[in-house]
Each structure stands twice: as structure tokens, then as C-alpha cells.
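# Coordinates in review
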Amino acid sequence: MPKEIATQQNTIQPDPYLESVKAFHLEMPPYHNFDLSIGMTAEKIYKNLTNRDTIDAYCIWCDKEGVFRAYNYLSDNVSIPPWTTRHDGLIEVEYQCTRNNSHAYHTSYFKAGNFFTKVGQFPSVADFQIPQAQAYRKILDEEQYKEFTRGIGLAAHGIGIGSFVYLRRVFENLIEEARAKAQAENSKFPNGDYLKARMDEKIKMVKDYLPEFLVENRSLYAILSTGIHELTEDECLQYFETVKIGIEQILDEKIIQKEKADKTTKAREAIQKAHGQIANSK
Ligand SMILES: [Zn+2]
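Scope of this entry: the structure provided in the associated data block. (Residues numbered from 1 in each chain as written. Predicted model: local features only at pLDDT ≥ 70, side-chain atom pairs only at ≥ 80, totals over all residues.)

## Concerning the packing of helix H6 (residues 160–185) against helix H10 (residues 219–229)
- Packing of H6 against H10 leaves a shortest axis separation of 9 Å and a crossing angle of 145 degrees. Crossing of H6 over H10 shows left-handed handedness. Between H6 and H10, the contacting residues are Ile-161, Phe-164, Val-165, Leu-167, Arg-168 and Phe-171 on the first element and Leu-220, Tyr-221, Leu-224, Ser-225, Gly-227 and Ile-228 on the second.
- Class assignment of the residues belonging to the contact of H6 with H10 gives a composition of nine nonpolar, two polar and one charged. (Axes fitted to C-alpha atoms, helices over the stretch in contact; angles between N-to-C directions. Helix = DSSP H or I, 4+ residues; strand = E, 2+ residues; numbered from the N terminus. Left-handed = near helix turned anticlockwise from the far one by under 90°. Contact = placed C-beta atoms within 7 Å. Nonpolar A, V, L, I, M, F, W, Y, C, P; charged D, E, K, R; others polar.)

Rendered as C-alpha cells:
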């Protein structure tokens, strides 16, 4: 495993799905499992299962961000003996949208001694995550959008390496788009050198046509490639959220650039029109 990935793994540990109530209940794929006897795992899971606070999350029925109220949770206020000695079997959790309580996310978990796993979610992780990707429709073409959501869907079903393949294609397409632009604007663009270059070099060659975040975080590509060739299914799933957020940052930046360009065009047209009207009336 390359050094840069190895050190990143240390900072990612422990499991990112344990770090927020929302990630634990709504983003963690089914059959993701834990050993409750390791480190702070039991404490963190207990905190997520017994959470009574609201969580901010996307509501797929309201079709926008919402606030969800804990409706069904693990009810346990005994501190001794520890909760891990009780609650074997199924544990069900429900969060309801504060706009409409029939908008509800259900998740279930199974515990046997120190073994703990998520066993179900309705609506599915993909149902929850894919509508949120719709914002990227405006800058991804049909094929790229399909690949992006397929990557999300696979990870949501616990398929790590496959999800990386799709995200890597989305990444490569962004670079290819930049190359096409660079070549169209500069007839002296060294296409031959570009084709022979490693991805890191390619990004540097077309950096003026790429979102800043991508250029700064081009190691994202190394993570994706290492994932496909060297990491295990579980390791890919562990990094999935990180690389997805990275790609979303790149796409967000492209949306902002596009909106700014559209606004500039509209403003220019409006000013010319107003100027014409004033000139004509004089
Ligand atoms: Zn709702």
C-alpha cells in the first residue's frame, strides 16, 4: 500500500460511520459490522442508537433538506452493567420529518454479544443518497450522471471496489473535458506529451481549465486507483464517503463557475439592451 494512503488510513480510523448520527443511520451500508469490544466502538454506537436529538438530513419526500425527530430509538438508561450485555436481537430505529411525520426513515440493527451489524434500511441508502446527487445533473452529461449515481448505488449496497470504478470514470471524464477545452483554445497544446503523461502530470498540464479543488487534491485519483487495484472491498467502502465528497466539491465548484458565467452573459445582454433603448429614446 502506498505511504500516502497508509497514513490517511490512520487518520480515518475509527470508522467514519460512527462519527455522526446521520452517517450511522442513513449512510452506512447494510451488513457493515462491528466488534463492540474494540476501543470506543460500543460507546459510539450506544450514543447513535440512543440519540434523542433531531438530525438534519435530506428528506426524499419533501425533496429538500429537513429536520428529523428521533421517534423510535434504543431506550436504555441503565449504566451498570454496560448496555452491550443486554439488547441482543433486533434493534429498530425511526426518524420522522418534522414537516410531515409520515416521512420516516427506518433502520434496523442486529446484535449478538459483541457482534453488531446493520441489517436493514427503508428507504434504502441509495434512495436517500441519489436524489441528493440530482443537483449535479446540470453539469454532468447523461452518461456521466449515470456513472456517478451508479457508484453511489453500489457503495450503498456494500460493493466497494465497483463503486470506485465508477467514481474514477467520473474523475477521468472531468480531466478529459479540460483537455478538450485546452486543446480547442490552444493549437500548440502538446497532445502527444499529454497522452503519455501520468495522471498527476496531466492534471498539471490542464490545471487552468479545472476546478481549484481538483488540482489541489489530485491525490484523490491515486486513492481511487489504489482502491481498484490494491484495497479490499471493506477498505474501499471505508474511503467511499471521502472520495465522494471530494468529487462533489469538484462538481460544486463547476456549478458555481457555470452559474457565474450564465449570470455574466445575462447581465451583459441586459445592459446592452438597456443601453440600446436609452440611446434610441434620445
Ligand atoms: Zn419531509
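## Re the nonpolar core
- If you look at the biggest cluster of nonpolar residues, it comprises 37 residues, and the most contacted ones within it are Leu-167, Val-170, Phe-171, Leu-174, Leu-224, Val-243 and Ile-247.
- Where this core is concerned, the elements lending two or more residues are strand S2 (55–59), helix H4 (125–133), helix H5 (142–156), H6, H10 and helix H11 (233–281).
- Two domains each put at least three residues into this core: domain 1 (1–123) and domain 2 (125–282).
- In this structure Leu-224 touches Phe-164, Leu-167, Arg-168, Phe-171 and Val-243, once residues within four positions along its chain are discounted.
- In this structure, Ile-45, Leu-49, Val-93 and Phe-116 belong to the second largest nonpolar core, which totals six residues. (Core = buried A, V, L, I, M, F, W, Y, C linked by C-beta atoms within 7 Å. Buried ≥ 20, exposed ≤ 12 C-beta atoms within 10 Å, placed from the backbone. Domains from an automatic or database assignment.)

## Overview of the pairing of strand S4 (residues 89–97)
- Bridge analysis of strand S3 (residues 64–72) against S4 gives four bridges, and the strand direction is antiparallel. Bridge pairing in S4 places Arg-69 opposite Gln-96.
- Pairing geometry for S4 and strand S5 (residues 104–112), over eight bridges, is antiparallel. In the sheet register, Ile-91 faces S5, and the bridge partner there is Tyr-109.
- Taking the residues between adjacent antiparallel strands as the criterion, S4 and S5 are bridged by six residues. (Pairing = 2+ DSSP bridges.)

## What to know about the sheet that holds strand S6 (residues 115–122)
- Spatially, S1-S6-S5-S4-S3-S2 is the arrangement adopted by the six strands of the open sheet, whose pairing is antiparallel. The open sheet terminates on both sides in strands that have one partner only, identified here as strand S1 (33–35) and S2. Averaged over all pairs of adjacent strands, the angle between their axes in this sheet comes to 35 degrees, without regard to strand direction.
- Across three bridges, the pairing between S1 and S6 is antiparallel. Across the sheet, Phe-34 pairs through a bridge with Phe-116, a residue of S6.
- Sheet strands touched by helix H3 (residues 41–49): S1, S4 and S6. Its angle to S1, the strand with the most contacts, is close to 130 degrees.

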